[in-house]
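The lines below spell out each chain.
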Amino acid sequence: MTDVQQGAVAPGSVPGATAATHCPYCALQCAQTLTATPGERLPVAVAGRDFPTNRGGLCQKGWTSPEVLRAADRITTPLVRTSDGGFREAGWDEALDLVAGRVRALQDESGKDTVAVFGGGGLTNEKAYALGKFARLALGTRLIDYNGRFCMSSAAAASNRTLGMDRGMAFPLSDLGGADAVLLLGSNVGVTMPPFVQHLAGVRSRGGLVVVDPRETVTAKLTKDGAGIHLAPVPGSDMVVLLALLHIVLAEGLADLDYLDARADGLDAVRRSVAQWWPERAEAATGIAADTLREVARLLAAASPSRGGRGAYILTGRGVEQMAQGTDCVSAAINLALALGLIGREGSGYGPITGQGNGQGGREHGQKSDQLPGYRMITDPAAREHVAGVWGVDPDVIPGPGVPAVQLLTSLGTADGPRGLLVHGSNVVVSAPNATLVEERLRALDLLVVCDLVPSETALLADVILPVTQWAEEDGTMTNLEGRIIRRRAAVAAPGEARSELWILRELAARLGSGALFSDDPETMFDEMARASAGGKADYSGITYDRLDAGEELFWPCPAAGPDTTPHPGTPRPFLERFPTPSGRAGMVAVAHRGPADDVRPGATTYLVTGRVLQHYQSGAQTRRVDELNAAQPESFVEMHPLLAERLRLGAGDVAILTSARGEAMAPVRLTTDIRPDTVFMPFHWAGAGSANRLTNDATDPTSSMPEFKVTAVTIRAAKVLSGALPEEGAMR
């Protein structure tokens, strides 16, 4: 159950040669064994591998992942836009010279910040680190952010301000199995990461799984037959649920006061803040019966160690985090966990469920606008001095903080905004909120360069497309949802002229006068990243490829040991003894419910919530190119309750037009009683007329800058088109 690799051969050169690696999709990072199959239709065969997170299992996306390696429209040579709006093939020297020349010209004319960088939470640790370094040293720009701002920023902000550290799940996933209760808010793990569900078997057998979701999702259905409780609140009211649960815990004397005295500050202010949310008032706001709220609070308390329980966990997902009050909502969850004495005790805890494949590592080493490697803040003089020393530059050379994703994207091509953008590992035309505006801003740029493996919707707007390797074609590391560092290993050579981003960044840096600062060797970049992280919150300095390849299970922080001491074993449970705050104590934060920024109102009376389907991932750029997955889920849809459909005079298969304050989308109707009658659901994997993110709100959380994807007020009407006859992408622009 480790990442040990026996021997090594040239990728894909020997039939039957295997590579121990991990799935390219979500943060569960299910272990795979890839077997080279030269001469076959696909270059590798995939099998699940026994590992603590997936225990040998894979979801449908994982089993079909090799299909993307040979996608029919895989980009295998650089492409340069032609005067007629198309693309032509180019050699690497021509493409890179063009990019470097255009970058220099723009910066000479308008300053360093006229060129920006947008990264991705799927990049390896080595690439994410190199990209942040490239932006700040080779480009000299402060303007870099990444799509993880759309994923984990609210959970990260809340964890940092209360617990002193954002380590995602601060415990191994296998710990969940022993708990008496798990409160899961805003996450449909049964669809987004199916192998996760096996870790809930124990709590389900004890009737302790509580799922909070306005839909009766696959995950919510796991509570049936006595396995737990499903709460279906009014969209945007999840925070009230948490405040009411804490009110009950305090009012009924269920809190672990000894733990709070020893390990946390701020209880008095929090007690005052939840006093107004007695169960009956919360029922009026959420639609959840007061007695049900009491039942859940008592269930969690009975499971807590202070009352003799086996343990309890509170887990959050994007459904409660992608809100304009997302940071405060997560803080309410952490406050509840602290009041019950859960955090920092083995067998109990709080954890946000990271979504993207390297969503944890990707937010630790410099892609964020305000961050340097090791989860250091770019405004901290000591952090700047340390990282500058590793990089071999003066600290004053490192630019200051940039701006977060929504602000960056909406400023593109404006009078005071960037004129050029380099995109790595992101398809913002589909994945960003208020997507029509984002597309308009991309079209206004003087230079758009996209590194991608297929012609995504964002790549098709580019001036230059640079072809990159995929997971099975590269070495590196990832950090999964537990904070566990794992090895990605090449099993096959990349097709055509596709290259790793490490090579591309080195070559571009050389053309911009900084080539000596970069390497295209993943291990070299990892070792440098580890040194840069030393002493930071996310300290990787004691981790090496040799240790990982030997099968050691290493969680950060893992600081370097002295020359004559035993290597640090890593930290699977970082809060057991103290919190990494100046006082060593957690700091509870009193929060207040404000509600959605785009709430229902006359003229927009229905809630839209968004999410994933089993077969597709993120913007769908990869999974929509897999025939098996596309056949199962070929198009976007609008899920609604039959009562709402009857009122709107819509039937199953009819095409509905949804309108928000930002735009329109249309998709066929699917009827189900698994959703509230005041709410509709759309998946966000599609572009064009069925794009849910044409509707979603780009209002942001004031602390995390997370946009409010998860609650949008819409109007709905029938479209005068035949069922299934959706307009082509772009027809509604």
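(A) Focus on the overall build of the chain. Summing up its helical and strand segments, the chain has 22 helices and 28 strands in all. The C-alpha radius of gyration computed for the chain amounts to 25 Å, which stays within 12% of the reference 27 Å derived for 733 residues, consistent with globular compactness. Viewed in the frame of its principal axes, the chain has a C-alpha envelope of about 75 × 70 × 55 Å. Considering the chain as a whole, with its 733 residues, one finds that 64% of them fall into the buried category. By element, 50% of the accessible surface of the chain is carried by carbon and sulfur atoms, the whole surface being about 24,000 Å². Across the chain, the 68 positively charged side chains and the 83 negatively charged ones have centroids separated by 3 Å.

(B) Fine view of the pairing of strand 17 (residues 447-452). Where burial is concerned, most of strand 17 is hidden: 6 out of the 6 residues are buried. On strand 17, burial covers both faces: Leu447, Val449 and Cys451 on one face and Leu448, Val450 and Asp452 on the other are all buried. Summarising the sheet, strand 16 (residues 420-424) and strand 17 pair through 5 bridges and their orientation is parallel. When the sheet's bridge partners are listed, leucine 422 is paired in strand 17 with valine 449. Bridge analysis of strand 17 against strand 18 (residues 464-467) gives 4 bridges, and the strand direction is parallel. Along strand 18, the bridge assignment pairs valine 450 with isoleucine 465.

(C) The sheet that holds strand 1 (residues 18-22), seen in detail. One open sheet accounts for 3 strands, arranged 1-2-3; its pairing is antiparallel. Of all the strands in the sheet, the pair left with one neighbour each is strand 1 and strand 3 (44-48). Between one strand and the next, the sheet's axes are offset by a mean angle of 30 degrees, whatever the strand orientation. In the sheet, strand 1 pairs with strand 2 (residues 31-36) via 5 bridges, with the strands oriented antiparallel. Along strand 2, the bridge assignment pairs alanine 19 with leucine 34.

Calculation notes
Residues numbered from 1 in each chain as written. Predicted model: local features only at pLDDT ≥ 70, side-chain atom pairs only at ≥ 80, totals over all residues. Heavy atoms only, no water. Helix = DSSP H or I, 4+ residues; strand = E, 2+ residues; numbered from the N terminus. Rg over C-alpha atoms; globule rule 2.2 N^0.38 Å. Buried < 20%, exposed > 50% of the residue type's maximum accessible area, 1.4 Å probe, protein only. Areas by Shrake-Rupley, 256 points an atom, 1.4 Å probe, with all protein chains shown as cover. Lys, Arg positive; Asp, Glu negative; His and termini not counted. Charge placed at Lys NZ, Arg CZ, Asp CG, Glu CD. Pairing = 2+ DSSP bridges. Axes fitted to C-alpha atoms, helices over the stretch in contact; angles between N-to-C directions.

Function cannot be inferred from these measures alone, as they are strictly geometric.
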